[in-house]
Amino acid sequence: MTPFSLSDQNQDQDIQEQNIQEQGIQEQGQETPYLSNSWQRLCILLHRLMILLILSLSIGFLTEELLYTNKAIAEPNPSMKGHEEQRSTSNQTQSFSKREKKKTLSKSKSKSKSKSKSKSKSKRKRKSKRKSKRKSKRKSKRKSKRKKNQLTTEPPLSLARLDKAYQRTLKKRALKGARVGYIIRDLISKKPLLSHNADSLFHPASNTKLVTTSAAYKVLGPQQRLVTRWYLGESDPQRGAVLYWRASGDPKLVPETFEEIAKKIKRALKQGKQPHKIYKLVIDDQDFTTEYLAPGFKQKPDDDAAYRAPNGGIGFQFNRFMTSFSPGKRVGDPPKVSVHPPLAYFEIKNKGKTSRKGKERLQLSARESSDNQHMIVSIGGTIPKRHRSVSSKRRVGNPLQFAGQSLLYYLSKIDVKVGEENVERGRIPDDLSPIVTHKSPKLSSLIKDINVYSNNFMAEQLLLVMGLGVRGYGGWREGRLVVKSYLDAVVGIRGYEYVNGSGLFGDTRFSPR
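These numbers come from a predicted model, not from an experiment.

Student: Just give me the short version of helix α10 (residues 476–491), but keep the residues and values in it.
Tutor: The terminal C-alpha atoms of α10, which comprises 16 residues, lie 21 Å apart, in line with the 22 Å expected from a rise of 1.5 Å per residue. On its buried face, α10 sits against α5 (208–219) and α9 (456–471). Positive backbone phi, at 80 degrees, marks G492, one or two positions downstream of α10.

Student: Please give an account of the pairing of strand β2 (residues 192–196) that cites residues and values.
Tutor: Direction of pairing for strand β1 (residues 182–185) relative to β2: antiparallel, over a ladder of four bridges. Residue pairing across strands places R185 opposite P192, the latter belonging to β2. Here β1 folds back onto β2, and the loop between the two strands holds six residues, one of which, K190, carries a positive phi near 60 degrees.

Student: If you had to explain the packing of α5 against α9 to someone new, which residues and values would you point to?
Tutor: Running from N to C, α5 and α9 point in directions that differ by 35 degrees, and their axes come no closer than 10 Å. When the axes of α5 and α9 are compared, the crossing they make is left-handed. Here K209, T212, T213, A215, A216 and V219 of α5 lie close against α9, whose contacting residues are N456, A459, L462, M466 and V470. For the contact of α5 with α9, the class distribution of residues is seven nonpolar, three polar and one charged.

Student: Outline unusual backbone geometry, supporting the account with residue identities and numerical values.
Tutor: The omega torsion across H340 and P341 is -5 degrees, close enough to zero to call that bond cis. One non-glycine residue, Q317, adopts positive backbone phi at about 55 degrees. Along the chain, Q317 falls in the loop between β5 (277–284) and β6 (320–326). Overall, the relative accessible area of 13% leaves Q317 in the buried class. One non-glycine residue, N319, lies in positive phi territory at about 55 degrees.

Student: Lay out the sheet that holds strand β7 (residues 336–340) with the relevant residues and their values.
Tutor: Ordered in space as β7-β6-β12, the three strands form an open sheet in which the pairing is antiparallel. Since the sheet does not close on itself, it has two edges, and those belong to β7 and β12 (390–395), each with one partner. Between one strand axis and the next, the sheet turns by 25 degrees as a mean value, whatever way the strands run. By the bridge criterion, six bridges tie β6 to β12 in an arrangement that is antiparallel. From the neighbouring strand, F321 faces β12, where its bridge partner is R394.

Student: Could you give an account of the packing of aromatic side chains, with specific residues and numbers?
Tutor: The final tally for this structure, using the stated rule, is 15 aromatic pairs. Note on F258 and Y410: the rings are 6.3 Å apart at their centroids and 85 degrees apart in plane angle, and the pair reads as edge-to-face. Placement of F258 in helix α6 (residues 255–271) and of Y410 in helix α7 (residues 399–412) is noted, with a sequence separation of 152 residues between them. Accessibility classification places F258 together with Y410 in one group, the buried group. An angle of 70 degrees between the planes, with centres 5.2 Å apart, marks the rings of Y345 and F346 as edge-to-face. An aromatic cluster is defined as three or more aromatic residues linked by ring pairs; in this entry it consists of W230, W245, F258, F316, F321, Y345, F346, F402, Y409 and Y410.

Reading the values: the criteria
Residues numbered from 1 in each chain as written. Predicted model: local features only at pLDDT ≥ 70, side-chain atom pairs only at ≥ 80, totals over all residues. Heavy atoms only, no water. Helix = DSSP H or I, 4+ residues; strand = E, 2+ residues; numbered from the N terminus. Expected span 1.5 Å × (residues − 1). Contact = heavy atoms within 4.5 Å. Pairing = 2+ DSSP bridges. Axes fitted to C-alpha atoms, helices over the stretch in contact; angles between N-to-C directions. Left-handed = near helix turned anticlockwise from the far one by under 90°. Nonpolar A, V, L, I, M, F, W, Y, C, P; charged D, E, K, R; others polar. Buried < 20%, exposed > 50% of the residue type's maximum accessible area, 1.4 Å probe, protein only. Phe/Tyr/Trp six-rings, centres within 6.5 Å; stacked < 30°, edge-to-face > 60°.

Written out as structure tokens, the structure is:
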């Protein structure tokens, strides 16, 4: 093979091109200037060199771009940094402005929140300060009251100055027309120092209970308990058994105690294999008076208030009952009336009406029937339709019927059949033994209730119990004799009148001396 060179190939191409050009010039009929072959070759070479330079430059530029694109993936182009920095700075300024706006808004919100928090804190602080001030004031008031209540060692007054102070108070308007009496004694020698109407008699009202309870505490003793007993008589398989009740004068027989007693009686019927039926209740209160109203209570015979309750050997729920009223369904209807406990002993005469508007103007009266076996409860007046329920307490007339029917009612609640015969008074056979015994609270507890609640019924009942315990009979005369003997022998006072145990009504009188 002959060696091939680029110069030879170029020479052939130049010769061909020259021939073509000469042919074209001849055809056109134009004359071409004369050029030497060397010069033509030079131009061709220069032309080719220029082409080669351009190709090399373009190839180099393409290779650099490829390298730049490969590097741009890993690293940013330094020539584009300026543009990118400008864009980033513009974006940053925009984002910064947005952030600033958000920050300003958040700051304003936080400031408002902080202001509200500070306001709430300030309010709380003010409230706490006010509370602390109030507490401090209360404490100071309590301390001042305590200091006032505390006994202070003041210089003793002379009798003349003390007498002037008493006379000055007696001349005040508040005591104008009032009867006042007093006596001041020396505690050691017991000599009277000052006195005013010392021998005049005054009505002590409920302070009489202090005399009654102090006598009972001394005569009967603080540990004394009153025992009530129940007996079961002969039973008939068809009619049932007879229940006997021996009265003890217990002043605190309440519904809770009757519920327990009824359960014990039912248990005793089960143990004796007797039918759960009682057709008669016999109450033995022969040791107590049948004059139910205490001395002095008859001064107001028409008073049916609960504080004027009767007394005797039997007492339940302080010998008073509760009546509740509520409006009817329609205007003009009688009000709904319920008596607790619901007994056949009560006869209700309801003449009241339900009104559309207005105030509650119900009228309630309770009186004994002609045979003293029932309590007639009369209702009159009006009660509005949307009024709340109203309740009122009244005394009973016959405590024996009230307590006996109440016990039978609590027996019927626990499925013990009760006959329709009334409660009777009678004697308990000697051959019977008690099936249920109930002990009252201690006498000290009863005395506390009497003086704390100023209970008239319990005070009068205690007077009857003292008569039974000391004189053998629970009567008003016997009880008064026991108290008078206590006042004469133990206390050593004279010139008084003791009528009843509670101080209600009556002519009870005591002098300051």
